[in-house]
Amino acid sequence: MKEVDERLPECPDVEEKWEEIAKSYVPDGIREFQNYPSASLGWMMYIGMAVAKMWDTEWDIYSKIEDLYTYIRDKRGYDAMDEYIREEVLLLKGDDYTQLEKLTGECASRVYNALMHQHLEPGTKEAFNGYIACLRQLYHMGAAIQLKRMGYHMTKMN
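Quick caveat, the model's predicted, so the values are computed rather than measured. (Residues numbered from 1 in each chain as written. Predicted model: local features only at pLDDT ≥ 70, side-chain atom pairs only at ≥ 80, totals over all residues. Heavy atoms only, no water.)

## So, the overall build of the protein
- Looking only at helices and strands, the protein has six helices and zero strands in total.
- Listing each helix as α and each strand as β along the protein from the N terminus yields α-α-α-α-α-α.
- Projecting the C-alpha coordinates of the protein onto the three principal axes gives extents of approximately 45 × 40 × 30 Å.
- Taken over 158 residues, the protein has a buried fraction of 45%.
- The contacts in the protein between residues at least 6 apart in sequence include a share of 75% that link residues at least 24 apart. (Helix = DSSP H or I, 4+ residues; strand = E, 2+ residues; numbered from the N terminus. Buried < 20%, exposed > 50% of the residue type's maximum accessible area, 1.4 Å probe, protein only. Contact = heavy atoms within 4.5 Å.)

Given below as structure tokens:
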């Protein structure tokens, strides 16, 4: 959808937050996955976008927050986290707000479809690891999308 460059941006600060965010997110994400798999997956993409935006604005403050996921979630609760991130973190309105909702929904849906095609038995270690792998990719894709939107590009040096 041309939302990321061919070479994804590298942002070690955002990458370093992944493990901490994942540990905090997983209990909520797993609980929601059964009834709302696209939200369970898509919310992580929004979180990646939010962390990239925080990195670009006031990382000296946000990097010191012990549990960044809980900080984001508790602003409006899990169910409204997508809206909070689009409105308050990314400052989107109108078409941009709606387009990002559609993009995230499409990505989450495609990832869910790919995960289901793995035919992993629910409740197994393999299923858990597959879910975590999906979350990780969506976190990184969210960060990459946001970094590109803010003007960061990885280009080949000559």
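Structure shown, so let's carry the discussion forward.
## Notes on the state of the cysteines
- Inspection of the entire model under this criterion finds zero disulfides.
- Of all cysteine sulfurs, the one in cysteine 107 lies closest to cysteine 11, which takes part in no disulfide; the gap is 19 Å.
- With relative accessibility at 11%, the residue cysteine 11 sits in the buried group. (Disulfide = S-S within 2.5 Å.)

## Regarding the environment of glutamate 121
- You can see glutamate 121 is positioned in the loop between α5 (94–116) and α6 (125–149).
- By relative accessible area, glutamate 121 is classed as exposed at 58%.
- Residues glutamate 121 and lysine 23 lie 98 residues apart in sequence; the distance between their C-alpha atoms is 22 Å.

## Brief notes about the nonpolar core
- By size, the foremost hydrophobic cluster in this structure holds 48 residues, and its most contacted members are Tyr25, Leu41, Ile47, Met81 and Ile85.
- Listing elements by their share of this core, those giving two or more residues are α1 (12–33), α2 (37–62), α3 (68–73), α4 (81–89), α5 and α6.
- Considering every element that reaches this core, the biggest residue donor is α2, with 14 residues.
- In this structure leucine 41 touches Phe33, Ala108, Val111, Tyr112, Tyr131, Cys134, Leu135 and Leu138, once residues within four positions along its chain are discounted. (Core = buried A, V, L, I, M, F, W, Y, C linked by side-chain atoms within 4.5 Å.)

## Looking at α2
- Taking 1.5 Å of rise per residue, 26 residues should cover 38 Å, yet α2 covers just 28 Å from first to last C-alpha, more than 12% shy of that figure.
- The axis of α2 is deflected most strongly, by about 85°, at aspartate 56.
- Of all the 26 residues making up α2, 19 are buried; the element is thus mostly covered by neighbouring parts of the structure. (Expected span 1.5 Å × (residues − 1). Bend = angle between axes of the 7 residues up to and from the residue.)

## Details of the pattern of salt bridges
- A full pass over the atoms with the stated rule returns twelve salt bridges.
- Residue aspartate 28 is joined to arginine 31 by a salt bridge in which the shortest nitrogen-to-oxygen separation is 3.0 Å. One end of the pair is aspartate 28 and the other is arginine 31, both in helix α1 and three residues apart, which spans about a single turn.
- Classification of aspartate 28 as buried rests on a relative accessible area of 8%.
- For arginine 31, a relative accessible area of 49% translates into the label partly exposed.
- Counted as one network, the salt bridges with shared partners bring together Asp28, Arg31, Glu32, Arg73 and Asp74. (Salt bridge = Lys/Arg side-chain N within 4 Å of Asp/Glu carboxyl O.)

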